[in-house]
Structures are given as C-alpha cells and as structure tokens.
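# Observations on chain architecture
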Amino acid sequence: MQDTISSIINPADEKGNYIDGAELEKLKKYYQSGQLRVKAAAQIGSASDGIITETVAKSLLYGDITCPGGNMYPTRRYAACLRDLTYFLRYATYAMLASDPSILEERVLNGLKETYSSLGVPIEPTIQALQAMKEVVTQRVGSDAGQEMDVYLDRIITGLN
Ligand code: CYC
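Reading the values: the criteria
- Residues numbered from 1 in each chain as written.
- Predicted model: local features only at pLDDT ≥ 70, side-chain atom pairs only at ≥ 80, totals over all residues.
- Heavy atoms only, no water.
- UniProt positions renumbered as here; feature names shortened; annotations may be inferred.
- 1 Å grid on protein atoms, 1.4 Å probe; cavity = no way out; pocket = protein on both sides within 12 Å on 5 of 7 lines; lining within 4 Å.
- Helix = DSSP H or I, 4+ residues; strand = E, 2+ residues; numbered from the N terminus.
- Buried < 20%, exposed > 50% of the residue type's maximum accessible area, 1.4 Å probe, protein only.
- Points joined across faces, edges and corners; volume = space filled by probe spheres on them.
- Nonpolar A, V, L, I, M, F, W, Y, C, P; charged D, E, K, R; others polar.

## Comments concerning the UniProt feature "binding site: (2R,3E)-phycocyanobilin" (unreviewed entry) in the protein
- The positions UniProt marks with the feature "binding site: (2R,3E)-phycocyanobilin" (unreviewed entry) are N71, R76 and C81. Set against the largest pocket, the annotated residues named above that line it are N71, R76 and C81.
- Relative to the helices and strands, R76 resides in helix α5 (residues 75–98).
- The exposure class assigned to R76 is exposed, which follows from its relative accessible area of 60%.

## Description of the layout of surface pockets
- Here the largest pocket defines a volume of roughly 360 Å³.
- Around the largest pocket sit 21 residues that line it, and N71, A80, D84, Y116 and V121 are the ones nearest its centre.
- In terms of residue count, the dominant contributor to the lining of the largest pocket is α5 (eight residues).
- When grouped by side-chain class, the residues that make up the lining of the largest pocket number 14 nonpolar, three polar and four charged.
- Here the second largest pocket defines a volume of roughly 190 Å³.
- Together, T4, S7, K26, K29, Y30, S33, R37, S99, D100, E148 and Y152 line the second largest pocket.
- Counting only elements with at least two residues in the lining of the second largest pocket, the list comes to α1 (4–15), α2 (21–32) and α9 (143–160).
- It is α2 that contributes the most residues to the lining of the second largest pocket, three residues altogether.
- The residue inventory of the lining of the second largest pocket, partitioned by class, reads two nonpolar, four polar and five charged.

## Re the environment of R90
- Along the chain, the position of R90 falls in helix α5.
- According to the relative accessible area criterion, R90 is partly exposed, its value standing at 35%.
- Separated by 87 residues in sequence, R90 and D3 place their C-alpha atoms 16 Å apart.

Printed below as a string of structure tokens:
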C-alpha cells in the first residue's frame, strides 16, 4: 500500500532528486486537507453501521434482488452483500486517508470482477449501491469531505465496470 507521501518520495529518491513543482503542490494539498480527511474518517468509522443500513435501504432493499431468485436471497447472500459494502466503505476510507488508491487495487479490486462474475453477483446493483453510498457518506461528512470519499468510491465503481 502507498500513500501520497510515499508515492512522491520513493520515485524522487530513486532518481536522487529533491521534490519540487507539481509534486510539491500535490504534497501541499495532501497536508492542507489532512484535518478534513481525518475528521471524516472518524465520522465514517463511528457511523459505519448506519451508513450501510441507509445505503441498502436507498439502493437495494425494495427491489426483486432480496426476493427468492435474487442475488441477495437467502439471508446468507444478504449478509455477504452487507459485508461487501462494509469492505467498500472501510477500504475507501483508508484510501481517502492515504490520498492514494493503491490499497483499493491491491485488497479490494484485485480479482473482484472475476469473483462476482463466477458467483453471479450482479454488477449493476452493486454500482447502484456504491452510488447510494456516496450520497449517504456526503450527508454524514459534508460536501468537501464527501468529495474526497467520492474519488475512492468512484474508483471501486470504475474497477467493477
Ligand atoms: C460474495 N464477495 C463475495 C465473495 C467475495 C466477495 C470474495 C465470495 C466469497 C464469499 O462469499 O465470502 C468480496 N471479499 C470480497 C471483497 C474482499 C474480500 C471485496 C476485499 C476485502 O475479501 N450481491 C448482490 C448485491 C451485492 C452482493 C448487489 C452487494 C453490494 O446482489 C454481494 N458478494 C455478494 C453476494 C455474495 C458475495 C450475495 C455471495 C454470492 C454467493 O455465494 O452466491
């Protein structure tokens, strides 16, 4: 896993360079948004159950998907879906704290599309749930921090497409 600091310093070190220009600007933004991101991570962590419940209610609960024949039926699959949404929220929060998507690539998206495809987990409703999660998170943390989280929830959406 990388963060903004290691993703800038490691390549500079390989070349024996100081950091300047656009890279320094990127670091400046990273430090400036630090408090906002840490506060949002605390808010998300303490409200995570509620965020998942609201996300499911907004996107999945009242369709056929929870009925016999749907991928969220029976309870075992429903629970797997809630768990997956919890993974998405937690890892997107880590990535937002690090301001770097590499943890998502390594630990969430690596092989996920293939796993879903082999198990028949439908992509379209999963993406709808992630879209709903973006809205629910933004309501909880406010629009600035919400935008920071959107980057990483969108990255999961792109990775599933
Ligand atoms: C299953 N989700 C799975 C499986 C994996 C993941 C590996 C197969 C193994 C299992 O059932 O536990 C995902 N595992 C992960 C991820 C990580 C990991 C992301 C990284 C930390 O370790 N079904 C729907 C909804 C959607 C859903 C739209 C929820 C958004 O209809 C999810 N995922 C879902 C379901 C299963 C599943 C229902 C079980 C499928 C089955 O066994 O038939």
